[in-house]
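These are the residues of each chain, in order.
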Amino acid sequence: MAESVKFKDGRYLDADDVYDFEQKKTQKEINANVHSVDVNYTRQILFETTDDVISKTIEIPQDGYVQCSARTQNIRGSAFIRLMIGEVIVFEFSPSNSLIYFYAWTPMFFVKKGVKITVTLQTDSADGINSVYLYGLA
């Protein structure tokens, strides 16, 4: 089971909370406001394509964790991923070399139902696969 940060009032950790944590005096104050959450690792494919370059905005259908992947296959390429949640770029990755069978994955990011994410995925390869997954809460 994975753990995520959930406040006692039911909200999940976001960028504003990270700023608040930085202002806290002790770890005990932070720990007093959080507890663990279970993740359902059965994933839902929100989007998948073999198009080389895609930029797509997706509205999240339920609370859960979003993850993106870009992978090359038998044709050499270079995977690129950019994930925006709302108006904030939370992840960007671009390797400096071109490889065959190269996989790039984002970490899992918590998202609420109705939030819009924008993904940019690229493989520079004719046989690459770009995907966006959603994992629900257990």
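Every value quoted in this text rests on a predicted model; they were computed, and no experiment measured them.

### Quick word on the packing of aromatic side chains
How two aromatic rings sit relative to each other is set out by the distance from centre to centre and by the angle between their planes.
Consideration 1: For the structure shown, the criterion picks out three aromatic pairs.
Consideration 2: Seen in terms of ring centroids, F93 and F102 are 6.3 Å apart; in terms of plane orientation they differ by 10°. Their pairing is stacked.
Consideration 3: Since its relative accessible area comes to 18%, F102 is described here as buried.
Consideration 4: Consider the rings of W105 and Y133, whose centres lie 5.9 Å apart with planes at 20°: the pair is stacked. Remark: Y133 occurs in strand β11 (residues 129–137) and W105 occurs in strand β8 (residues 103–105); sequence separation between them is 28 residues.
Consideration 5: We classify Y133 as buried; its relative accessible area is 2%.

### Comments concerning the pairing of strand β6 (residues 80–85)
Consideration 1: Of all six residues in β6, five are buried, a share of seventy percent or more.
Consideration 2: Sheet analysis places β6 next to strand β10 (residues 116–122), joined by six bridges and oriented antiparallel. Counterpart to L83 in the pairing with β10 is V119.
Consideration 3: Examined bridge by bridge, β6 and strand β7 (residues 88–93) share five bridges and lie antiparallel to one another. Within the sheet, the bridge partner assigned to I81 lies in β7 and is F93.
Consideration 4: Adjacent in sequence and paired antiparallel, β6 and β7 are bridged by two residues, among which G86 carries a positive phi angle near 65°.

Calculation criteria
Residues numbered from 1 in each chain as written. Predicted model: local features only at pLDDT ≥ 70, side-chain atom pairs only at ≥ 80, totals over all residues. Heavy atoms only, no water. Phe/Tyr/Trp six-rings, centres within 6.5 Å; stacked < 30°, edge-to-face > 60°. Buried < 20%, exposed > 50% of the residue type's maximum accessible area, 1.4 Å probe, protein only. Helix = DSSP H or I, 4+ residues; strand = E, 2+ residues; numbered from the N terminus. Pairing = 2+ DSSP bridges.

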